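Below, each chain spelled out in residue letters.
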Amino acid sequence: MIRVLRIAGRIALALAGLIVIAYLVWSAGPARVGETLWEARAWLPLIAALECAPIASDYFTLRVLLGRDAQEVPAATWLRSSTLAYAMMICLPAGRAAGEVTRASLLARHLGAARAASASTRLQVAYVFAIGVLAAIEAATAALRFGIRAPLALLLAGTSVLMMAFAGALFSALRDARFRRWVDRIRRLVTRSETAPTAAGPEAPRNVPLRAVLICCASRTAQALQYGIILVAVGGVASVHGALIAHGIEIVGSTLGEFLPNQIGVVDTTYRTFALDVGFASVPARALSIALLARLARLLVAATCITVAAASRRAADAESPPDGETARPSGARRVPIA
């Protein structure tokens, strides 16, 4: 019953988001919105190509976090886990968490649940910290351009503090022995391991390497570039501060709408609200088109990822450990399942 209510609630929220978008398009002028999107069509391949930056970033960051253990994961599993994780991030509520759980479950076949969960958590730390860094830069940009008390500057500053705090909380949990023991229990449940749990958990706590954080920051910078291109595509002026402001609005909207699939309706409302800040006070259809064009690019990439994940499933399954064995960390002996 609870599951049915949860599904019904998600469907209701998605429908509410679609209604909000329909209202925003109607109020801005459907013909004007359609005309703006049609004019921007030539930019869509480049926008979609830049949307692949987070997929590549997560892959390279995980390889840095796993070190030599990354060699134990076959290419087909890397491909399937990366594409499925992205597709779930775009299509599901709280998509980042759902995507990481899916990715970790696929990697756990080769690394073990504990090591996969640890790497996934540290990826989240680096990813969230990178958002906080870019939000701080964009908050400063908004403050210099519109004033320190401007709503967008305050919202971005608050988002930066929230992301930094969240990254710190995740990292503290990773280093906490109770958290590691909980991960160890999950590992033994999934793999049916007969080994006894250790007092401190599956493995000693690890830091998040600076390289991992820098890769995630580069990915968010590429996303800011993407929004600068989207701004130009819908009729805006090409500039560094324009790209940062446009991306900053996306960060605020996606944070507020985290529990909606693709932040549907919330990001669109945020762009409509801050149309003046991106230079479209008199043409809100162009501000709204930023969100719509970005969403279209994400859905195209997500559809491609689903296709690739489906095509690579057989190869990934063939490379998984055979039945009767569990995945294990590097250097450990496989434990037969009783």
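The numbers attached to residues start from 1 for each chain and follow its sequence in the written order. Reporting of local features is limited, given that this is a predicted model, to residues whose pLDDT is at least 70; pairs of side-chain atoms are given and counted only at 80 or more, and all residues count toward the totals for whole chains, interfaces and linings. To obtain the side-chain values, all non-hydrogen atoms of the structure were used and water was disregarded.

### Looking at the overall build of the protein chain
- The helix and strand inventory of the protein chain stands at 14 helices and zero strands.
- The helix and strand sequence of the protein chain, counted from the amino end, reads α-α-α-α-α-α-α-α-α-α-α-α-α-α.
- Burial here depends on accessible area, computed with a 1.4 Å probe over protein chains only, as a share of the maximum for the residue type. Under 20% is buried, over 50% is exposed, and the range in between is partly exposed. Looking at the 338 residues of the protein chain, the share that counts as buried comes to 51%.
- Note on contacts: a residue pair is in contact if any heavy atoms of the two residues lie within 4.5 Å. In the protein chain, of all internal contacts separated by at least 6 residues, the share reaching a separation of at least 24 is 73%.
- Areas reported here follow the Shrake-Rupley algorithm with a probe of radius 1.4 Å; residue values treat only the protein chains shown as occluding. Of the roughly 16300 Å² of accessible surface on the protein chain, 67% is carried by carbon and sulfur atoms. Secondary structure elements are defined from DSSP: runs of H or I of at least 4 residues count as helices, runs of E of at least 2 residues count as strands, and each element is numbered from the N terminus.

### Here we look at the environment of L37
- Its location among the elements puts L37 in helix 2 (residues 30-39).
- Linking L37 and L292, residues 255 residues apart in sequence, is a C-alpha distance of 8.2 Å.
- Filtering out sequence-adjacent residues up to four positions away, L37 remains in contact with S289, L292 and L293.

### Regarding the packing of aromatic side chains
- Only the six-membered ring of Trp is used, alongside the rings of Phe and Tyr, when aromatic pairs are assigned; centres must lie within 6.5 Å, and planes under 30 degrees apart are stacked while those over 60 apart are edge-to-face, with the rest tilted. Following the criterion strictly, the structure yields three aromatic pairs and no others.
- Each member of the aromatic cluster is reached from another via a ring pair, and the members are Y59, F60 and W78.
- Two thresholds decide whether a charge sits over a ring: the Lys NZ or Arg CZ must be within 6 Å of the ring centre and within 35 degrees of the ring normal. The ring of W38 carries R41 above its face, with NZ or CZ at 4.0 Å from the centroid.

### Regarding the nonpolar core
- Formed by 41 residues in total, the largest nonpolar core has its most connected members in L152, V278, F280, I290 and L293.
- Elements with a contribution of two residues or more to this core: helix 3 (44-51), helix 5 (75-91), helix 7 (113-146), helix 8 (151-175), helix 10 (210-233), helix 11 (240-256), helix 12 (266-273) and helix 13 (284-311).
- Those residues in contact with I290 that sit more than four places away from it in its chain are Y227, I230, L231, V234, Y271, V278 and F280.
- By nonpolar core is meant a set of buried Ala, Val, Leu, Ile, Met, Phe, Trp, Tyr and Cys residues that side-chain atoms within 4.5 Å join together. By size, the runner-up hydrophobic cluster in this structure holds 31 residues, among which are A104, A119, A126 and V213.

### Some remarks on helix 5
- Here the expected length of a helix is defined as 1.5 Å per residue gap, with one fewer gap than residues. With 17 residues, helix 5 ought to run about 24 Å at 1.5 Å a step, and its terminal C-alpha atoms sit 24 Å apart, in line with that.
- Of all 17 residues in helix 5, 13 are buried; the element is thus mostly enclosed.

### Quick word on helix 12
- Restricting attention to buried positions, one finds in helix 12 the residues V267, D268, T270 and Y271. Along the axis of helix 12, the buried positions cluster into a sector of 160°, meaning they face one direction only. Throughout, the arc means the angular range of directions from the helix axis out to the C-beta atoms.

### Topic: the packing of helix 10 against helix 13
- Relative orientation of the contacting elements helix 10 and helix 13 amounts to 125°, with a least axis distance of 10 Å. Relative to helix 13, the element helix 10 lies oblique. Once helix 10 is placed against helix 13, the crossing between them reads as right-handed. Judged by residue contacts, Q223, Y227, I230, L231 and A233 of helix 10 engage I290, L293, A294 and R298 from helix 13. Only the stretch in contact is used when a helix axis is fitted, and all axes are lines through C-alpha atoms; the angle between N-to-C directions ranges over 0 to 180 degrees. Here roughly perpendicular refers to angles of 65 to 115 degrees, roughly parallel to angles under 35, roughly antiparallel to angles over 145, and oblique to all remaining angles. A clockwise turn of the near helix away from the far one marks a right-handed crossing, whereas an anticlockwise turn of less than a right angle marks a left-handed crossing.

### Some points on a nonpolar patch on the surface
- Two distance rules govern patches: like charges are joined within 9 Å, and nonpolar side chains (Val, Leu, Ile, Met, Phe, Trp, Tyr) within 5 Å, applied only to residues with over 30% relative accessible area and no salt bridge. Between Lys or Arg on one side and Asp or Glu on the other, a salt bridge is scored when a side-chain nitrogen of the former is within 4 Å of a carboxyl oxygen of the latter. A cluster of nonpolar side chains, namely I11, L15 and L18, defines an oily patch on the protein surface of about 290 Å² accessible area.
- Tracing the backbone shows L15 in helix 1 (residues 2-28).

### Concerning the environment of I230
- One can find I230 in helix 10.
- Residue classification places I230 among the buried positions, given a relative accessible area of 0%.
- Considered as a pair, I230 and L293 are 63 residues apart in the sequence and their alpha carbons are 7.3 Å apart.
- Discounting residues that sit within four places of it in the chain, I230 has contacts with I47, I290, L293 and A294.

### Let's talk about the confidence of the model for the protein chain
- Here the protein chain shows a mean pLDDT of 83. Residues at 70 or above account for 80%.
- In the predicted structure, residues 329-338 sits below a pLDDT of 50 and forms 22 contacts with residues beyond four places in sequence or in another chain. Every residue is assigned a pLDDT by the predictor, reflecting its confidence on a scale from 0 to 100.

### As for the pattern of salt bridges
- Considering all chains together, one arrives at seven salt bridges under this definition.
- Across the salt bridge formed by D58 and R103, the nearest N and O atoms sit 3.1 Å from each other. You can see D58 sitting in helix 4 (residues 53-66) and its partner R103 sitting in helix 6 (residues 95-111), a full 45 residues away along the chain.
- The class of D58 is buried, set by a relative accessible area of 5%.
- Residue R103 is classed as buried on the basis of its relative accessible area, which comes to 2%.
- Of the charged contacts, one joins R115 and D69 as a salt bridge, the two residues approaching to 2.6 Å between their closest N and O atoms. Of this pair, R115 sits in helix 7 while D69 sits in the loop between helix 4 and helix 5, and the two are 46 residues apart along the sequence.
- The exposure class of D69 is buried, given its relative accessible area of 7%.
- One salt-bridge network, in which partners are shared between bridges, spans E51, E250 and R298.

### With respect to the environment of G279
- Here G279 lies in the loop between helix 12 and helix 13.
- With 42 residues separating them in the primary sequence, G279 and V237 have C-alpha atoms 8.4 Å apart.

### Brief notes about the side chain of T159
- By the element assignment, T159 lies in helix 8.
- We call two N or O atoms a polar contact when they sit within 3.5 Å, provided that within protein one can donate a hydrogen and the other can accept it, with sequence-adjacent residues counted only if both atoms are side-chain atoms. A distance of 2.8 Å separates a polar atom in the side chain of T159 from the backbone oxygen of L155.
- If we skip the residues at most four places from it in the chain, T159 touches A135, I251, V252 and T255.

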